[in-house]
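# Per-entry structural report
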Amino acid sequence: MVYLSISDVIDRAWDLVKRYGLILVIVYFAIIFLQNVVGRLMAPPIDPDVLMTALQTNNIAAIESLYLSNPMGTVVELVLSAVLFLGLCNCMLQLAKGTDNEISFSHWKLDLSVYVKYVVVNFLVDIIVGLGYLCCILPGLFLQARLFCANIHAIDCPNEGILDHIEASWEMTRGNSMTLIGLCLVQIFIIIVGLILCCIGVLPALVLVAFSDIVAYLIMTRYYERKSEEAAEATVNV
């Protein structure tokens, strides 16, 4: 088990943002723009005031009616969003690993099974965490922390099964639940700061948050540790 340090995660993520942040901000903007365009075309328009009122009054029926008035459009939007962000996550994962140093469409060229597993894993995690939050905030935070890495693991280990990704996240986050909850709070603060900066800083903040997720995953899988050991061994052999 590897214990996380929030400062170490943010420092490593910030280094990656300084190297790749500008181009990733452009990609992020393109994905969000495409997602919104498809959403307007396929999914029903949702009145934010009605949605907020339904959430505040815990009116589950009203929330369901908002999203299920055009179920096919909603499903298409959700699947497209997952596919777009899967490629982005894969790209950022490879950049963080150092296996690639540039962004290309090849990061989206993955087997269909990877996309299917990613979508299903995200769906299962959302359901489990959502049920946790319905019970109480603390169970929701705990489950969110323990299932923190499931979607990244689905990309990093595409040959494993859907439940394997969830089990792997549960195992690797053991002993780091409070740290991951703390990291989540730091990420929320980063996004708020981005919003305060006339909303201009939101996309860079999202890139930093995404990199921090990936860096935390790589630390817990001992990737950086193994990489350092391999470099030291190669130096000795030379």
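The following refers to the structure shown. Each residue is numbered by its place in its chain's sequence as written, counting from 1. Predicted model: local features are reported for residues with pLDDT of at least 70 only, side-chain atom pairs are reported and counted for 80 or more only, and whole-chain, interface and lining totals are derived from all residues. The side-chain values count all of the structure's non-hydrogen atoms but skip hydrogen atoms and water molecules.

### Focus on the nonpolar core
Here, nonpolar core means buried Ala, Val, Leu, Ile, Met, Phe, Trp, Tyr and Cys residues that are tied together by side-chain atoms lying within 4.5 Å of each other. Only protein chains enter the area calculation, which uses a 1.4 Å probe; residues under 20% of their type maximum are buried, those over 50% are exposed, and those in between are partly exposed. Within the largest apolar cluster, 53 residues are counted, with the highest numbers of intra-cluster contacts made by Leu24, Met92, Val207, Phe211, Ile214 and Leu218. For the purposes of this entry, the term helix denotes a DSSP run of H or I that reaches at least four residues, the term strand denotes a run of E that reaches at least two, and both are numbered from the N terminus. Sorting the residues of this core by element identifies helix H1 (6–42), helix H4 (71–97), helix H5 (112–135), helix H7 (150–156), helix H8 (162–172), helix H9 (177–196), helix H10 (202–220) and helix H11 (223–237) as the ones contributing at least two each. Among the elements that line this core, the one with the most residues is H10, at 14 residues. Dropping the residues within four chain positions of it, phenylalanine 211 is found in contact with Ala13, Leu16, Val17, Tyr20, Leu24, Met92, Leu95 and Ala96. If you look at the next biggest cluster of nonpolar residues, it comprises eight residues, including Val121, Val125, Leu143 and Leu147. For this analysis, residues touch if any pair of their heavy atoms sits within 4.5 Å.

### Re the pattern of salt bridges
For salt bridges, the criterion is a side-chain nitrogen of Lys or Arg within 4 Å of an Asp or Glu carboxyl oxygen. Following the criterion strictly, the structure yields five salt bridges and no others. Between arginine 12 and aspartate 8 there is a salt bridge whose closest N-O contact spans 3.3 Å. Note that arginine 12 and aspartate 8 are positioned in helix H1 at a spacing of four residues, about one turn of the helix. Assessed through its relative accessible area of 31%, aspartate 8 is described here as partly exposed. With a closest N to O distance of 3.0 Å, arginine 174 and glutamate 171 form a salt bridge. Taking relative accessible area as the criterion, arginine 174 reaches 39% and is therefore assigned partly exposed.

### So, the packing of aromatic side chains
Here a Phe, Tyr or Trp ring, Trp counted by its six-membered ring, pairs with any other such ring whose centre lies within 6.5 Å, and the pair is stacked when the planes are under 30 degrees apart, edge-to-face when over 60, and tilted otherwise. The final tally for this structure, using the stated rule, is four aromatic pairs. Look at phenylalanine 142 and tryptophan 170: their rings are 5.8 Å apart centre to centre, the planes differ by 90 degrees, and that puts the pair in the edge-to-face class. Residue phenylalanine 142 is found in helix H6 (residues 137–146), and its partner tryptophan 170 is found in helix H8; the two are separated by 28 residues along the sequence. Residue classification places tryptophan 170 among the partly exposed residues on the basis of a relative accessible area of 31%. Only when the NZ atom of a Lys or the CZ atom of an Arg is both within 6 Å of the ring centre and within 35 degrees of the ring normal do we say a charge sits over the ring. Across from the ring centre of tyrosine 224, 4.1 Å away, lies the NZ or CZ of arginine 12, which sits over that ring. The ring centre of tryptophan 170 lies 4.2 Å from the NZ or CZ of arginine 146, which sits over that ring.

### Thoughts on the environment of aspartate 156
Relative to the assigned elements, aspartate 156 resides in helix H7. Among the residues examined, aspartate 156 registers a relative accessible area of 23% and is labelled partly exposed. Considering only alpha carbons, one finds aspartate 156 and cysteine 89, 67 residues apart in sequence, at a separation of 9.9 Å. Once you skip the residues sitting within four places of it in the chain, aspartate 156 turns out to touch Leu93, Lys97 and Tyr217. In terms of polar contacts, aspartate 156 uses its side chain to reach the side chain of lysine 97, at 2.6 Å. Here a polar contact means two N or O atoms within 3.5 Å. Within protein one must be a hydrogen donor candidate and the other an acceptor candidate, and residues neighboring in sequence count only if both atoms are side-chain atoms.

### Some remarks on H5
One fewer than the residue count of a helix, multiplied by 1.5 Å, yields its expected span. The end-to-end C-alpha separation of H5 is 35 Å, in line with the 34 Å expected for 24 residues at 1.5 Å each. For H5, the complete set of buried residues consists of Val114, Tyr115, Lys117, Tyr118, Val121, Val125, Val129 and Gly132.

### A few points about unusual backbone geometry
At arginine 222, a residue that is not glycine, the phi angle is positive and equals roughly 65 degrees. With respect to the helices and strands, the residue arginine 222 is situated in the loop between H10 and H11. The class for arginine 222 is partly exposed, based on a relative accessible area of 33%.

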